[in-house]
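A look at the structure
Each chain, letter by letter, is given below.
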Amino acid sequence: MPLARIDLRKGKSVEYRQRVGEAIYQAMRAVGVPEDDRFQIFHEHDDDTLVFDPGYLGIARTDDFICIQITWNEGRTLEQKKALYAGIADGLHAAVGIRREDVFINLVEVKKENWSFGNGQAQYVS
């Protein structure tokens with residue numbers, strides 16, 4: 001049920017994006033996301049369309065900044081969310097060398113009835 005939107009600067013290779021996607025998916029799986037529940041949208045930006053503060057909250061960010069927004073069902077614990085944040089940052093660092101400081105994550109929690117996976121049906125509504 002999660003939908004991951006991944007925003008990054010233009011110029012990364014297909015392999016790079018695939019490795020990023022896999023690292024994010026594996027981190028989500030580690031906190032209970034079902035197998036094969038993988039929906040990701042990559043959007044690449046020019047310098048002027050990916051704007052971020054390079055020092056907000058004392059975190060030094062570079063042009064390798066990546067913004068990950070995950071929409072998923074509500075109900076995860078704080079511990080699961082913290083594990084997801086760490087899992088994504090660590091996984092991206094291991095997969096493609098992104099500095100943990102450059103990983104920005106936002107979770108959007110929705111009710112289960114707010115999903116349709118096809119056929120015009122709400123699959124999670126009984």
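Residues numbered from 1 in each chain as written. Predicted model: local features only at pLDDT ≥ 70, side-chain atom pairs only at ≥ 80, totals over all residues. Heavy atoms only, no water.

Under the annotation held in an unreviewed UniProt entry, the protein chain carries the name Tautomerase family protein and is attributed to Stenotrophomonas lactitubi.

Further remarks concern the sheet that holds strand E3 (residues 66-73). Here we have four strands laid out as an open sheet, ordered E2-E1-E3-E4, and mixed in their pairing. Since the sheet does not close on itself, it has two edges, and those belong to strand E2 (40-45) and strand E4 (103-110), each with one partner. Going from strand to strand, the sheet's axes swing by 15° on average, the running direction of each strand aside. As paired strands, strand E1 (residues 3-9) and E3 are joined by five bridges and run antiparallel to one another. Counterpart to leucine 3 in the pairing with E3 is threonine 71. The sheet strands contacting helix H1 (residues 14-30) are E1, E2 and E3, and the helix crosses E2 at an angle near 135°. (Pairing = 2+ DSSP bridges. Helix = DSSP H or I, 4+ residues; strand = E, 2+ residues; numbered from the N terminus. Axes fitted to C-alpha atoms, helices over the stretch in contact; angles between N-to-C directions. Contact = heavy atoms within 4.5 Å.)

A few words now on helix H2 (residues 78-96). For H2, built from 19 residues, the straight-helix expectation of 27 Å at 1.5 Å per residue is met to within 8% by its first-to-last C-alpha distance of 27 Å. When H2 is considered as a whole, its buried residues turn out to be Lys81, Leu84, Ile88, Ala89, Leu92 and Ala95. The arc that holds the buried residues of H2, viewed along the axis, is 145°, so those residues lie on one side. Pointing more than 90 degrees away from the buried face of H2 are the exposed residues Leu78, Glu79, Lys82 and Ala94. Next to the buried residues of H2 lie H1, E3 and E4. (Expected span 1.5 Å × (residues − 1). Buried < 20%, exposed > 50% of the residue type's maximum accessible area, 1.4 Å probe, protein only. Arc of directions from axis to C-beta.)

If you check H1, its first and last C-alpha atoms are 24 Å apart, about what 17 residues at 1.5 Å a residue would give, namely 24 Å. Those residues of H1 lying buried are Tyr16, Arg17, Val20, Gly21, Ala23, Ile24, Tyr25, Ala27 and Met28. Close packing links the buried residues of H1 with E1, E2, E3 and H2. Just downstream of H1 lies glycine 32, where phi reads positive at about 105°.

Take the environment of histidine 45 next. Residue position: histidine 45 is located in strand E2. Among the polar contacts made by the side chain of histidine 45, one reaches the main-chain carbonyl oxygen of threonine 49 at a distance of 3.0 Å. (Polar contact = N/O pair within 3.5 Å; in protein donor to acceptor, adjacent residues only side chain to side chain.)

Moving on to the layout of surface pockets. Empty space within the largest pocket amounts to approximately 220 Å³. Around the largest pocket, the lining comprises 13 residues; the ones closest to its centre are Ile59, Arg61, Phe65, Val103 and Phe104. A breakdown of the residues in the lining of the largest pocket according to their chemical character gives eight nonpolar, no polar and five charged. (1 Å grid on protein atoms, 1.4 Å probe; cavity = no way out; pocket = protein on both sides within 12 Å on 5 of 7 lines; lining within 4 Å. Points joined across faces, edges and corners; volume = space filled by probe spheres on them. Nonpolar A, V, L, I, M, F, W, Y, C, P; charged D, E, K, R; others polar.)

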